[in-house]
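Chain by chain, the residues run as shown.
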Amino acid sequence: MADQERRIKDAQMRATINQKLVETGERERLKEVLRTKLIECGWRDQLKAHCKDVVKQKGLEHITVDELVAEITPKGRALVPDSVKKELLQRIRHFLAQQSNI
């Protein structure tokens, strides 16, 4: 039972943090930083090439957008450089440190 309570508490905390990020506009700023970093490191080009390969392999008429997203998501996540993940996490931690009422 304690495990379930912890999961509920964690979910509530994530929702509160997300709400603060949205209210302050920080979520949009973080998304823009992430977008820029991913383009700079070549992630976007790598994923674009992977999409083309998947479509070529399966055939344009035989794959839906949802299937393509499901196919490329794991590789897309794996291709995000650790340095980008660390920087984003650091920015989120800094934001949380500034928010004393969470």
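Relevant structure appears above.
As the structure is a computational prediction, the values presented were derived from the model and not from experiment.

## What about a positive patch on the surface?
A cluster of like positive charges, contributed by Arg44, Lys48, Lys52 and Lys56, occupies part of the molecular surface. With respect to the secondary-structure elements, lysine 56 resides in helix 3 (residues 43-58). Judged by its relative accessible area of 70%, lysine 56 falls in the exposed class.

## Focus: the pattern of salt bridges
Applying the stated criterion across every chain yields a total of 7 salt bridges. A salt bridge links lysine 58 to glutamate 71, with the shortest nitrogen-to-oxygen separation between them at 3.5 Å. Here lysine 58 is found in helix 3, whereas its partner glutamate 71 is found in helix 4 (residues 65-79), with 13 residues between them in sequence. Several salt bridges converge on common partners, so that one network encompasses Lys37, Glu87 and Arg91.

## Let's talk about helix 3
Taking 1.5 Å per residue as the helical rise, helix 3 with its 16 residues ought to reach 22 Å, and the 22 Å between its terminal C-alpha atoms agrees with that figure. For helix 3, the full list of buried residues reads Trp43, Leu47, His50, Cys51 and Val54. Take helix 3 and look down its axis: the buried residues cluster within an arc of 105°, on one side only. Residues of helix 3 that are exposed and point over 90 degrees away from its buried face: Asp45, Lys48, Lys52 and Lys56. Where helix 3 is buried, its residues meet helix 2 (26-40) and helix 4.

Rules used in this analysis
- Residues numbered from 1 in each chain as written.
- Predicted model: local features only at pLDDT ≥ 70, side-chain atom pairs only at ≥ 80, totals over all residues.
- Heavy atoms only, no water.
- Patch = residues over 30% accessible without salt bridge, like charges linked within 9 Å, V, L, I, M, F, W, Y side chains within 5 Å.
- Areas by Shrake-Rupley, 256 points an atom, 1.4 Å probe, with all protein chains shown as cover.
- Salt bridge = Lys/Arg side-chain N within 4 Å of Asp/Glu carboxyl O.
- Lys, Arg positive; Asp, Glu negative; His and termini not counted.
- Charge placed at Lys NZ, Arg CZ, Asp CG, Glu CD.
- Helix = DSSP H or I, 4+ residues; strand = E, 2+ residues; numbered from the N terminus.
- Buried < 20%, exposed > 50% of the residue type's maximum accessible area, 1.4 Å probe, protein only.
- Expected span 1.5 Å × (residues − 1).
- Arc of directions from axis to C-beta.
- Contact = heavy atoms within 4.5 Å.

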